[in-house]
Amino acid sequence: MAPTHVLRCCQRGLAWIPVIFIALVVCWSYYAYVVELCIFTIPSIGEQIVYLIFFHLSFIMFVWSYWKTIFTKPANPSKEFCLPKAEKERYEKEERPESQQEILWRVATSLPLYTRTGAGAIRYCDRCQVIKPDRCHHCSACDMCVLKMDHHCPWVNNCVGFSNYKFFILFLAYSLVYCLFIAATVLQYFIKFWTLCRRKSAENCPKNELPDTHAKFHVLFLFFVAAMFCISILSLFSYHLWLVGKNRSTIEAFRAPVFRTGSDKNGFSLGFRKNIAQVFGDQKKYWLLPVFTSQGDGVTFPTRLVNADAEQATVTLHPEPDKSAAEVPVSPLSESQNRLLSNDQHANNIEDHLANNTLKSAESETITISMESES
């Protein structure tokens, strides 16, 4: 039986086959469009120049974003999420899951964790031996825990997550633009060559038609390939745009994250505009460039304030003594207040759990915010 590392090397080599296939298709499409279509087929020099300029713009952006998606290393949890040496030894010696969870809860008191397993336990990766941050998952293909993991894509041979999710979206966008441009500009010549082939078979081909050269085969196949990729990419791109608007990952779309208050598929949604900014950043001038501008550090994420939850704090606003309640404007908590509120609840929850030696949620609590008039 071959050693494990040899099998692992073979798997890594085979994983590059889809990427090589895409690279070969892109190289052929470049040759077919630039040489066979623009140089040998299109008679107008002005049309050639216009087509070549827009083609190369879309080609450069497509290749740039694809390159960044492939070779951007997935972000991993920092060392603070690793168990201390003493706690790690205790964890490995313990045989009861309850005792192991007690150790994890004790370590988690200093970590910004708001999500749990389905059973309400601390999310821990035995393979990587780290406590998983929110939205972090273990990728079996990459054999590592990836921050804000979306999915493992075989077409880029990389795990799509916090570090390269923007690049992946731009890769889909520019590949769709690339294929649409090719299909739209090739269509008229595709029709002419297709008509030429049919007339030639009927031996009724006018002399003023396009020349019967090998370029027609490249043009015909170029349109078919571009149209085929357009259909497949459009559905995938539309789905991921929907995910960005909802601030969800592919994993979270199939399995809602579990918070202390229970599962909530919209737990990380902050509204459409803020959800877009989470991935593309605040500066719109960088949105269309494959440079990293995503917000946050991939470890902590702002969460929305969920109403009507038993464990969620309720807010009571007291008006000033000299004003009626109708005159006091009531506004929702800001993100910073929400985060501070979540931090206090998170610490109280862990302290209650350690005191009772059980895995249970903290009891509901009422926070009163008093508004005092300035002297």
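Only a predicted model underlies this, so the values are computations on that prediction, with no experimental measurement involved.

### Let's talk about the overall build of the chain
Consideration 1: Along the backbone of the chain there are 10 helices and 11 strands.
Consideration 2: With 375 residues in all, the chain has 43% of them scored as buried.
Consideration 3: Intrachain contacts of the chain at a sequence separation of at least 6 include 65% that bridge at least 24 residues.
Consideration 4: Just so you have it, the chain exposes about 21,200 Å², and 61% of that area is on carbon and sulfur atoms.

### Here's the deal with the sheet that holds strand β9 (residues 262-263)
Consideration 1: What the 3 strands build is an open sheet, ordered β1-β8-β9; its pairing is antiparallel. A strand with exactly one partner marks an edge of an open sheet, and here the two such strands are β1 (115-116) and β9.
Consideration 2: Of the pairings in the sheet, the one linking strand β8 (residues 258-259) to β9 comprises 2 bridges and is antiparallel in character. The residue of β9 that forms the bridge with Val-258 is Ser-263.

### Considering the pattern of salt bridges
Consideration 1: Considering all chains together, one arrives at 4 salt bridges under this definition.
Consideration 2: In this structure, the salt-bridge partner of Arg-90 is Glu-87, at a minimum N-O distance of 3.2 Å. With Arg-90 and Glu-87 both in helix α4 (residues 85-93) and 3 residues apart, this pair spans about one turn of that helix.
Consideration 3: The salt bridge involving Arg-106 is made with Glu-87; its shortest N-O contact spans 3.7 Å. With Arg-106 in helix α5 (residues 97-107) and Glu-87 in helix α4, this pair connects stretches of sequence that are 19 residues apart.
Consideration 4: Judged by its relative accessible area of 14%, Glu-87 is buried.
Consideration 5: Via salt bridges that share partners, Glu-87, Arg-90 and Arg-106 belong to a single interconnected network.

### Side note on the nonpolar core
Consideration 1: By size, the foremost hydrophobic cluster in this structure holds 49 residues, and its most contacted members are Tyr-33, Phe-55, Tyr-165, Ile-182 and Val-186.
Consideration 2: Top element by residues in this core is helix α6 (residues 165-201). It accounts for 17 residues.
Consideration 3: Counting 21 residues, the second largest nonpolar core, distinct from the first, contains Tyr-91, Leu-104, Val-130 and Phe-162.

### Looking at the layout of surface pockets
Consideration 1: The space that makes up the largest pocket amounts to roughly 460 Å³.
Consideration 2: Ile-22, Phe-171, Ser-175, Phe-229 and Ile-233 are, among the 24 residues lining the largest pocket, the residues nearest its centre.
Consideration 3: Mapped by element, the contributors of at least two residues to the lining of the largest pocket are α2 (17-39), α3 (45-71), α6 and α7 (215-246).
Consideration 4: Of the residues assigned to the lining of the largest pocket, the class counts are 21 nonpolar, 3 polar and no charged.

### Some details on α7
Consideration 1: A rise of 1.5 Å per residue sets the reference length of α7, with its 32 residues, at 46 Å; its end C-alpha atoms lie 46 Å apart and thus fit the reference within 8%.
Consideration 2: Asn-247 lies just past α7 and shows a positive phi near 55 degrees.

### Comments concerning empty space enclosed by the protein
Consideration 1: Applying the stated criterion to the full structure yields 3 cavities of 30 Å³ or more.
Consideration 2: In terms of lining, the second largest cavity is formed by Lys-148, Gly-161, Phe-162, Tyr-165, Gln-278, Val-279 and Ser-294.
Consideration 3: Class assignment of the residues belonging to the lining of the second largest cavity gives a composition of 3 nonpolar, 3 polar and 1 charged.

### Remarks on the UniProt feature "transmembrane region" (unreviewed entry) in the chain
Consideration 1: According to UniProt, the "transmembrane region" (unreviewed entry) feature falls on residues 15-42, 49-67, 167-191 and 217-242.
Consideration 2: When the span residues 167-191 is considered, its composition is 100% helix and 0% strand, and the gap between its end C-alpha atoms is 35 Å.
Consideration 3: Taken end to end, residues 217-242 is 100% helix and 0% strand, and its two terminal C-alpha atoms sit 38 Å from one another.

The rules we used
- Residues numbered from 1 in each chain as written.
- Predicted model: local features only at pLDDT ≥ 70, side-chain atom pairs only at ≥ 80, totals over all residues.
- Heavy atoms only, no water.
- Helix = DSSP H or I, 4+ residues; strand = E, 2+ residues; numbered from the N terminus.
- Buried < 20%, exposed > 50% of the residue type's maximum accessible area, 1.4 Å probe, protein only.
- Contact = heavy atoms within 4.5 Å.
- Areas by Shrake-Rupley, 256 points an atom, 1.4 Å probe, with all protein chains shown as cover.
- Pairing = 2+ DSSP bridges.
- Salt bridge = Lys/Arg side-chain N within 4 Å of Asp/Glu carboxyl O.
- Core = buried A, V, L, I, M, F, W, Y, C linked by side-chain atoms within 4.5 Å.
- 1 Å grid on protein atoms, 1.4 Å probe; cavity = no way out; pocket = protein on both sides within 12 Å on 5 of 7 lines; lining within 4 Å.
- Points joined across faces, edges and corners; volume = space filled by probe spheres on them.
- Nonpolar A, V, L, I, M, F, W, Y, C, P; charged D, E, K, R; others polar.
- Expected span 1.5 Å × (residues − 1).
- UniProt positions renumbered as here; feature names shortened; annotations may be inferred.

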